[in-house]
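Listed below are the residues making up each chain.
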Amino acid sequence: MGKKQPSMEGHKSGQANDPLSKPAHALPWKEVVNEIACNDEDGLTSGEAKSRLEKHGQNDLGDDGGVQPGKILLRQVANAMTMILIAAMAVSFAIQSWIEGGVVTAIIVLNVSIGFVQEFKAEKTMDSLRSLSSPTATAARDGKTVTVPTIEIVPGDLVELKTGDTVPADIRIIEALNFETDEALLTGESLPVGKDADAVFDEDTGPGDRLNVAYSSSTVTKGRARGVVFATGMYTEIGSIAMSLRQKGSRVREVKRKPDGKAKPHRYAQAWSLTATDAIGHFLGVNVGTPLQKKLARLAILLFGIAVICAIIVLAANDFSNNSEVIIYAVATGLSMIPASLTVVLTITMAAGTKRMVQRHVIVRNLKSLEALGGVTDICSDKTGTLTQGKMVAKKAWIPAKGTYSVGSSDEPHNPTVGDLSLNPKEPRHIDPDNEEKSESYEELMKDNPHLLEYLKVASFANLAHVHQTNEGQWNARGDPTEIAIQVLAARFKWNRLEHTSGDSPAWKQLAEFPFDSDVKKMSVIFEDTAASKKFVFTKGAVERVIYSCTHVFNGESENTVELDDDYREEILANMESLASLGLRVLALASKEYDGPSPSKGEDLDREDIENGLTFRGLVGLYDPPRPETADSVRQCQKAGIEVHMLTGDHPGTARAIAVEVGIVPSNMGVLPKETTDAMVMTASQFDKLSDDEIDALPLLPLVIARCAPNTKVRMIDALHRRKAFTGMTGDGVNDSPSLKRSDVGIGMGTGSDVAKDASDIVLTDDNFASILNAIEEGRRMFDNIQKFILHLLAQNIAQACVLLVGLAFKDESGLSVFPVSPVEVMWIIMITSSLPDMGLGFEIAAPDILTRPPQDLKRGVFTIEVILDMFVYGLWISALCLGSFSLVMYGFGDGYLGENCNDSYNPTCDTVFRARATTFACLTWFSVFLAWQMLDMRRSFFRMQPGSKKYFTQWAIDVWRNKFLFFSIIFAFVTIFPVLYIPVINDTVFRHKGITWEWIVVFVATLLFFLGIESWKWGKRVFFRKRDKKRGVARRGSVDLEQRVFERYLSTAPSDGEDAEKKSAGDGEDAEKKSAT
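Here the structure is a predicted model, which means the values were calculated and not measured.

Parameters and conventions
- Positions within a chain are numbered from 1, following the residues in the order the chain's sequence is written.
- Whole-chain, interface and lining totals are the exception, using all residues; otherwise, since this is a predicted model, local features are given only for residues with pLDDT of at least 70 and side-chain atom pairs are given and counted only at 80 or more.
- The side-chain values count all of the structure's non-hydrogen atoms but skip hydrogen atoms and water molecules.
- Numbering goes from the N terminus for both helices and strands, where a helix is a DSSP run of H or I of at least four residues and a strand is a run of E of at least two.
- Partly exposed residues are those whose accessible area sits between 20% and 50% of the maximum for their type, while under 20% is buried and over 50% is exposed, using a 1.4 Å probe and protein chains only.
- Here, two residues are considered to be in contact whenever any of their heavy atoms come within 4.5 Å of each other.
- Residue exposure ignores everything except the shown protein chains as possible cover, and the areas themselves are Shrake-Rupley values with a 1.4 Å probe.
- Residues with no salt bridge and a relative accessible area higher than 30% make up the patches, which join like charges within 9 Å and nonpolar side chains (Val, Leu, Ile, Met, Phe, Trp, Tyr) within 5 Å.
- Each reported salt bridge corresponds to a side-chain nitrogen of Lys or Arg within 4 Å of a carboxyl oxygen of Asp or Glu.
- For the purpose of charge, His is not counted, nor are the chain termini; Lys and Arg are scored as positive and Asp and Glu as negative.
- Taken as the charge location is NZ of Lys, CZ of Arg, CG of Asp or CD of Glu.
- Count a disulfide wherever a pair of cysteine sulfur atoms falls within 2.5 Å.
- At least two bridges found by DSSP between two strands are what make those strands a pair.
- The axes are straight lines fitted to the C-alpha atoms, using for helices just the contacting stretch, and the angles between their N-to-C directions are given from 0 to 180°.
- In this scheme, roughly parallel covers angles under 35 degrees and roughly antiparallel covers those over 145, while 65 to 115 is roughly perpendicular and the rest are oblique.
- Gly falls in the polar group here, along with every residue not listed as nonpolar (Ala, Val, Leu, Ile, Met, Phe, Trp, Tyr, Cys, Pro) or charged (Asp, Glu, Lys, Arg).
- What makes a nonpolar core is a set of buried Ala, Val, Leu, Ile, Met, Phe, Trp, Tyr and Cys residues whose side-chain atoms join them at distances within 4.5 Å.
- Residue count minus one, scaled by 1.5 Å, sets the expected span of a helix.
- Whenever two N or O atoms come within 3.5 Å, that pair is a polar contact, provided that in protein one can donate a hydrogen and the other can accept it, and provided that, for residues adjacent in sequence, both atoms are side-chain atoms.
- UniProt positions are given in the numbering used here, feature names are shortened, and annotations may be inferred rather than shown by experiment.
- Values of pLDDT, ranging from 0 to 100, describe the predictor's confidence in every residue of the model.

**Some words on the overall build of the chain**
Next, step 1: For the chain, the helix and strand inventory stands at 39 helices and 28 strands.
Next, step 2: Here the chain holds 1078 residues, and 54% of them are scored as buried.
Next, step 3: Once local pairs closer than 6 in sequence are excluded, the contacts in the chain between residues at least 24 apart make up 71%.
Next, step 4: Counting every atom, the chain has about 45,800 Å² of accessible surface; 55% of that belongs to carbon and sulfur.

Shown next as structure tokens:
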């Protein structure tokens, strides 16, 4: 916020930035205006507004520290990998080995520089996630109405609000006309809340019941109001929640004390030692960062230990001589165990991953989510706007005396001129949904149709939405989505509210309004037909409430109304259920002629009397269509071993119908036993009645929970966690923050609240379920690629360490070991030869089967048994070939004389050693680059990575050319070996080797043996996994219908305890281990 983050200590809910005598809701509005020093007519002056902005800071939710370059730079230096390199540099300079020391220094600078730049970019990308509650607000300044950026709104500003606005700050309402706000983002209340400017409440009244306050980030759904801002930024209710979510724990461990508050000296020592341990762990990176970063930091410490042991072995093999040759050999052996480029490659891969995510409508807010996404086993998704388009459309209208009207498909939900109209004389419950009705024009349908006319009057007038066409011909709408959809339906028949109520002498005039009330679940208006001087009541609302306010109905069997009895009410409810089963939200419309007194200002009419004795006019069915890509995305998730759950606030019938349509539940739900459907679809009340033990005893958790409350989502996440599931949860409101925090991957919505985004790990910029699948695919791709380059790097480290350790046996006349590869050669291979191909592996595209295999086992992480075995097999095979090549040149074709002082510099006695060393270096370099190509697929042959391809001899060339960064980095590494081998001074002084001639034959033969060994090992793995899959029945999965396979656990006889869930969890874990490296 502005200059500094405010201290929230002592701040009380409902208070102002500068505390008032009481919270604003507990004071009359005039007292609030006086205490906050504001003019209730002219607002603040420009000068006063500027000074208050400087005092209180900007009206936003703060930046929580922002990007801090110093900390980023420190993280690059203060990690185990860099510390090892610094130690090697210090040793090299200490023994005056300037070349080796200079090379290590260059590597450190390169590592830190690239890492800093990439992490700084990644941090800036994440920090750019800014979503202000509303870009502008309408305020009174200097007696004029002006548009002010929301971040410049200050306490004391007089703000005007109208339908569709987002409230810019916490506001004490001064006057309100039919004013309602949607506070679902803050309180979870799904219905709009009516406001009363003159009301005063007790100080301890909860936020949801402060009906004289409009909250920051809530939206105006109806009416207009004027009010004074009393709290901005973090002092608002939404800011308080945001601040509590950002609280950071102290890094100082608390001292354990006795009940009387005293502590013994050893407790202080314990706390200090734990704090010191935490600080060291934080410095080395073993207890900060993502799970993978922590693992790699611990790996670096392990490798450091191994490097020290290797160095000790070298020194011991040379009788702990302090000869510089022996020390530099020890340094070379230690460095051979350090994957120095690992941190840089990991940072670049993750930075590239975040950019790819943005292109696929996903913003990564927390790097740990990149690796976590690959392990997601269950997704709990909201329905409205995520699985569906969030655009209400009126699809059905049932008028008892005429039949059922239908509206055809349209890509423009606000355009009443698009979409066919048709009429079926049957009731909804008797209509065959597969039969198509003939489309008719609205003129034909309106002709001699008084029943439709009366229905449209209710739809148009009992409605506050505005639907209008701009001068450019575009149709716009504002108001509640439900009312917009009904208003568009009326506009299709030329009964748009604006056409009949606007102008100097409107045909219809509104006299009174009874806003929607959550108790009566109805809204009503009184209108006067000015030409006929008749008054009417128009009512809409929940079907089960409206029908009991109705006494008559036109049933079509007679020209006059008939009494609406309980039998007919049951028929209406049956038709409502029929429409709900189509995934429609159903409301009832009713009206009556009103002969009571015209209401005057300030007069309260008896609402119960007004909304009684109505004539039932019909039902309207509203459809929030699933996104076109949702069903395919759900199906793809199921193929990937991910279970999709829908947690929605909708009616169970509507939720079930949408769930069937998108494939979350089986398509044959209608013919399944009741016990099965009840296991799949539950209401929140049913789920919440169960204790945790009862939920754990359920054979399976429900796939759909309707009428869902925020606490229900948290309990669902906890239940999944107890079954060892790894969950992703979507949410957009402040009330979703607990479940977003509790889930393993919190998925926020781009149109949601800032607080929900703060609680999320990733944010979907398009609020689309398909983007979740994109994120999971990217997460799995990154997991695969990280696994590939880690295997590539560590296999080389093992190979180099083995070559140097076994090379201790090669001793010259003075009894000192001669290294087969020099320290600079080792660092060249680690940093130059392999780092670029490793980056190329990080950019590798997703494997074809990436979304057809189970989620990864994140407990084991990248280091699966298969990867560890591969690491040692490849490393030992490479070291065997390199040592064989060195021995062949040295002893097979050479004289076996190891020369004198050949570790330090070149002299004529070292000619054979330098040539053998060059041969070993060439082998290591080529094996390194070719191993990168072998890593494209960890099981398939390099020559047959696409099993379905008919290009038997050229497919490998297509595969290596596909990833051009990897291709050119390998070519670069392949080519750069020649100047290193043949340029004088560089070859013999820096690298300690000489150019070779006939020795290339040895290199070529060794390379052929390298491919033969790798291909043989892969073939053995394929045989093993084929047999294991056949034994487990995995091979038969492809022949089973997807729907049958996904829902077979629900469709089969449910066991009496939770064993099935445990089996599922265990089975997924085994499959994940099997596939995680594929």
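**Focus on a negative patch on the surface**
Next, step 1: Together, Glu563, Asp565, Asp567 and Glu570 make up a negatively charged patch on the protein surface.
Next, step 2: Assignment of secondary structure puts Asp567 in helix H19 (residues 566-580).

**So, the state of the cysteines**
Next, step 1: Here the structure, examined in full by the defined rule, presents one disulfide.
Next, step 2: There is a disulfide in this structure between Cys902 and Cys910, and the S-S distance comes to 2.0 Å. Of note, the bridge from Cys902 to Cys910 carries an S-S torsion of about -95 degrees and is left-handed in sense. Residues Cys902 and Cys910 agree in their burial class; the two are buried.

**Here we look at the pairing of strand E27 (residues 745-749)**
Next, step 1: Of all five residues making up E27, five are buried, and the element is well covered by its neighbours.
Next, step 2: Burial along E27 is two-sided: the face carrying Val745, Ile747 and Met749 and the face carrying Gly746 and Gly748 are both buried.
Next, step 3: The pairing of strand E26 (residues 727-731) with E27 spans four bridges and is parallel. Within the sheet, the bridge partner assigned to Gly731 lies in E27 and is Gly748.

**A look at the pattern of salt bridges**
Next, step 1: In the structure shown here, the tally under the stated rule is 31 salt bridges.
Next, step 2: Across the pair Glu777 and Arg360 runs a salt bridge whose closest N-O atoms are separated by 3.3 Å. Remark: Arg360 occurs in the loop between helix H11 (342-359) and strand E8 (362-364) and Glu777 occurs in helix H29 (residues 769-806); sequence separation between them is 417 residues.
Next, step 3: The salt bridge partner of Glu571 is Arg429, with a shortest N-O separation of 3.4 Å. Placement of the pair is Glu571 in helix H19 and Arg429 in the loop between strand E12 (421-424) and strand E13 (439-440), with a sequence separation of 142 residues.
Next, step 4: With a relative accessible area of 34%, Arg429 lands in the partly exposed category.
Next, step 5: Counted as one network, the salt bridges with shared partners bring together Arg356, Arg360, Glu777, Glu778 and Arg781.

**A closer look at the sheet that holds E8**
Next, step 1: Spatially, the eight strands line up as an open sheet ordered E8-E28-E27-E26-E9-E23-E25-E24, and their pairing is mixed. Sheet topology places E8 and strand E24 (681-683) at the edges, where each strand pairs with a single neighbour. Going from strand to strand, the sheet's axes swing by 20 degrees on average, the running direction of each strand aside.
Next, step 2: Sheet topology places E27 next to strand E28 (residues 762-764); three bridges connect them, and they run parallel. Across the sheet, Met749 pairs through a bridge with Leu764, a residue of E28.

**Quick notes on the packing of helix H33 (residues 911-934) against helix H35 (residues 964-982)**
Next, step 1: The N-to-C vectors of H33 and H35 enclose an angle of 175 degrees; their axes lie 10 Å apart at closest approach. As the angle between them shows, H33 and H35 are arranged roughly antiparallel. Residues Ala918, Phe921, Ala922, Thr925, Trp926, Val929, Phe930, Ala932 and Trp933 of H33 form the contact with H35, whose own contacting residues are Leu966, Phe967, Ile970, Ala973, Phe974, Ile977, Val980 and Leu981.
Next, step 2: Residue classes in the contact of H33 with H35 are distributed as 16 nonpolar, one polar and no charged.

**What about the nonpolar core?**
Next, step 1: Of all hydrophobic cores here, the largest spans 180 residues; its most connected members are Phe616, Leu619 and Ile664.
Next, step 2: Looking at which element gives the most residues to this core, the answer is H29, with 20 residues.
Next, step 3: Not counting the four nearest positions on each side in its chain, Phe616 is found in contact with Trp398, Pro400, Ile547, Cys550, His552, Val553, Phe554, Leu564, Ile572, Ala588, Leu589 and Ala590.
Next, step 4: Core analysis: the second largest hydrophobic core is formed by 32 residues, Leu452, Met523, Phe527 and Leu589 among them.

**With respect to H11**
Next, step 1: With 18 residues, H11 should reach 26 Å at 1.5 Å per residue; the first-to-last C-alpha distance of 26 Å fits that figure.
Next, step 2: By the criterion of burial, H11 is predominantly enclosed, with 13 of the 18 residues buried.
Next, step 3: Positioned one or two residues after H11, His361 has a phi angle of 70 degrees, which is positive.

**Description of the environment of Tyr594**
Next, step 1: Residue placement: Tyr594 occurs in strand E21 (residues 584-594).
Next, step 2: Classification of Tyr594 by relative accessible area gives buried; the value is 9%.
Next, step 3: Sequence separation between Tyr594 and Ile610 is 16 residues, and the spatial gap between their C-alpha atoms is 8.2 Å.
Next, step 4: Ignoring anything within four residues of it in the chain, the contact list for Tyr594 reads Ile526, Lys535, Phe536, Val537, Leu605 and Ile610.

**What about the side chain of Arg226?**
Next, step 1: As for its placement among the helices and strands, Arg226 is situated in strand E7 (residues 219-231).
Next, step 2: By relative accessible area, Arg226 is classed as buried at 15%.
Next, step 3: One polar contact links the side chain of Arg226 to the main-chain carbonyl oxygen of Asp40, over a distance of 2.7 Å.
Next, step 4: In this structure, Arg226 is in contact with Asp40, Glu41, Leu158, Val159, Glu160, Ile173, Ile174 and Glu175, ignoring residues within four places of it in sequence.

**A word on the UniProt feature "transmembrane region" (unreviewed entry) in the chain**
Next, step 1: In this structure's numbering, the residues bearing the UniProt feature "transmembrane region" (unreviewed entry) are residues 77-95, 101-120, 299-320, 326-351, 867-894, 914-936, 965-986 and 998-1017.
Next, step 2: Split by type, residues 299-320 is 86% helix and 0% strand. Its first and last C-alpha atoms lie 28 Å apart.
Next, step 3: Annotation note: span residues 914-936, helix share 91%, strand share 0%, distance between end C-alpha atoms 34 Å.

**Comments concerning the packing of helix H31 (residues 835-842) against H35**
The relative placement of two packed helices comes down to the angle between their axes together with the axis-to-axis distance.
Next, step 1: With their axes 8 Å apart at the nearest point, H31 and H35 run at an angle of 170 degrees to one another. Classed by the angle they form, the pair H31 and H35 counts as roughly antiparallel. Residues Leu836, Pro837, Met839, Gly840 and Leu841 of H31 form the contact with H35, whose participating residues are Phe965, Leu966, Ser969, Ile970 and Phe972.
Next, step 2: Of the residues that constitute the contact of H31 with H35, the class distribution is eight nonpolar, two polar and no charged.

**Quick word on the environment of Gly102**
Next, step 1: Its location among the elements puts Gly102 in helix H5 (residues 98-127).
Next, step 2: A C-alpha to C-alpha distance of 8.5 Å links Gly102 and Ser92, two positions 10 residues apart in sequence.

**A word on a nonpolar patch on the surface**
Next, step 1: Side chains of Leu888, Phe893, Trp998, Ile1001, Val1005, Leu1009 and Leu1012 sit close together on the surface and give an oily, nonpolar patch of about 690 Å² of accessible area.
Next, step 2: Tallying contributions element by element places helix H37 (residues 999-1032) first for the nonpolar patch, with four residues.

**Focus on the environment of Ser591**
Next, step 1: For Ser591, the location among the structural elements is in strand E21.
Next, step 2: Along the primary structure Ser591 and Val537 are separated by 54 residues, whereas in three dimensions their C-alpha atoms are 5.3 Å apart.
Next, step 3: Within the structure, the side chain of Ser591 is placed 2.8 Å from the side chain of Arg617, a separation counted as a polar contact.

**Concerning H19**
Next, step 1: For H19, built from 15 residues, the straight-helix expectation of 21 Å at 1.5 Å per residue is met to within 8% by its first-to-last C-alpha distance of 21 Å.
Next, step 2: Within the sequence span of H19, burial applies to Tyr568, Arg569, Ile572, Leu573, Asn575, Met576, Ser578, Leu579 and Ala580.
Next, step 3: On the buried face of H19, the contacting elements are strand E10 (393-399), helix H18 (543-546), strand E19 (550-553), E21, strand E22 (614-623) and helix H22 (652-662).

**Considerations on unusual backbone geometry**
Next, step 1: Unusually for a residue other than glycine, Ser217 sits at a positive phi of about 80 degrees.
Next, step 2: Topologically, Ser217 is positioned in the loop between strand E6 (213-214) and E7.
Next, step 3: Look at Arg992: it is not a glycine, yet its phi comes out positive at around 60 degrees.

**Some words on the pairing of strand E18 (residues 534-542)**
Next, step 1: Burial within E18 is extensive, with eight of its nine residues counted as buried.
Next, step 2: Here strand E17 (residues 522-529) runs beside E18; their pairing, made up of eight bridges, is antiparallel. Bridging across to E18, Asp529 finds its partner in Lys534.

**So, the confidence of the model for the chain**
Next, step 1: Confidence in the prediction of the chain, expressed as mean pLDDT, is 81, and 88% of residues score 70 or more.
Next, step 2: In the model, residues 129-134 has pLDDT below 50 throughout and makes 20 contacts with residues more than four positions away in sequence or in other chains.

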